[in-house]
Amino acid sequence: MSRNIPALTLNYTAEGAIATRRLVKHGSADGTVAQASANTDTLLGVSTDIPAEAGGRVDVIREGIVPVLYGGTVTRGQPLTADAQGRAVAASSGQQVVGFAEVSGVEGDIGVIHLQRSALS
């Protein structure tokens, strides 16, 4: 299985520092993004393997099957959301979903996610 099949990558201005392979959300202005920090954030996609400083440019993968940093134990097929550090963790009822795990892993692993934004009811 390929571990990186991005279908759509867009470039934005980072509102704050964005680490590699983190979940991101829309920023406060058009054309900006911020690293996700809560499971209630409306998630946009995943940053690439190049970090960004505040005010710098950052590529965000919006569609596809892409690597992401796991923030806890994840089982393939689980819906994923963001933790306080923008890492992908298992989602539960009422939380925003960025996609579904393609592989199982634990905190600190670079896992693989199939981006499919939604919310769990």
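Structure shown above.
My aim in this report is to walk through the structure given alongside it, one point at a time.

Rules behind the numbers
Residues numbered from 1 in each chain as written. Predicted model: local features only at pLDDT ≥ 70, side-chain atom pairs only at ≥ 80, totals over all residues. Heavy atoms only, no water. Helix = DSSP H or I, 4+ residues; strand = E, 2+ residues; numbered from the N terminus. Rg over C-alpha atoms; globule rule 2.2 N^0.38 Å. Buried < 20%, exposed > 50% of the residue type's maximum accessible area, 1.4 Å probe, protein only. Contact = heavy atoms within 4.5 Å. Areas by Shrake-Rupley, 256 points an atom, 1.4 Å probe, with all protein chains shown as cover. Lys, Arg positive; Asp, Glu negative; His and termini not counted. Charge placed at Lys NZ, Arg CZ, Asp CG, Glu CD. Salt bridge = Lys/Arg side-chain N within 4 Å of Asp/Glu carboxyl O. Pairing = 2+ DSSP bridges. Core = buried A, V, L, I, M, F, W, Y, C linked by side-chain atoms within 4.5 Å.

It is worth spelling out the overall build of the protein at this point. On a plain count of helices and strands, the protein comes out with 0 helices and 9 strands. Its helices and strands taken in sequence order, the protein reads β-β-β-β-β-β-β-β-β from the N to the C terminus. Relative to a compact globule of 121 residues, whose C-alpha radius of gyration would be 14 Å, the protein shows 13 Å and is just as compact. Judged by the C-alpha coordinates and their principal axes, the protein covers about 35 × 30 × 25 Å. Relative to its 121 residues, the protein shows a buried fraction of 44%. A fraction of 57% describes how many contacts in the protein between residues 6 or more apart in sequence connect residues 24 or more apart. Per element, the accessible surface of the protein, about 5,700 Å² overall, is 49% carbon and sulfur. Each charge class in the protein can be summarised by its mean position, and for the 9 positive and 11 negative side chains these summaries are 3 Å apart.

Under the counting rule described, the total for this entry stands at 4 salt bridges. Between Asp83 and Arg87 there is a salt bridge; the shortest N-O distance is 2.7 Å. Accessibility expressed as a relative area gives 13% for Asp83, which makes it buried. When the shortest N-O distance is used, the salt bridge between Arg87 and Glu107 registers 3.1 Å. With Arg87 in the loop between strand E6 (79–82) and strand E7 (88–90) and Glu107 in the loop between strand E8 (96–101) and strand E9 (110–119), this pair connects stretches of sequence that are 20 residues apart. Among the residues examined, Arg87 registers a relative accessible area of 12% and is labelled buried. Each of the salt bridges in this network shares a partner with another, and the network as a whole consists of Asp83, Arg87 and Glu107.

Turning to its location among the elements, Ser118 is positioned in strand E9. For the pair formed by Ser118 and Gln96, sequence separation is 22 residues and the distance between their alpha carbons is 6.1 Å. Apart from residues lying up to four places away in sequence, Ser118 is in contact with Gln96 and Val97.

Bridge count for strand E4 (residues 43–47) against strand E5 (residues 57–69) is 2 bridges, and the pairing is antiparallel. Residue Val46 lies in a different strand from E5, and its bridge partner there is Ile61. In this structure, E5 lies alongside E9, joined through 5 bridges in antiparallel fashion. Its bridge partner being in E9, Val68 is matched across the sheet by Gly111.

Below, the discussion takes up the nonpolar core. Judged by nonpolar contacts, the single largest core of 16 residues is most densely connected at Leu23, Val46, Val68, Tyr70, Leu80, Ile113 and Leu115. Examining the composition of this core, we find that 3 residues originate from one element, E5, more than from any other. What Leu115 contacts, discounting residues up to four positions off in sequence, is Val46, Ile61, Arg62, Glu63, Gly64, Val66, Val98 and Gly99. Counting 9 residues, the second largest nonpolar core, distinct from the first, contains Val24, Val33, Leu44 and Ala52.

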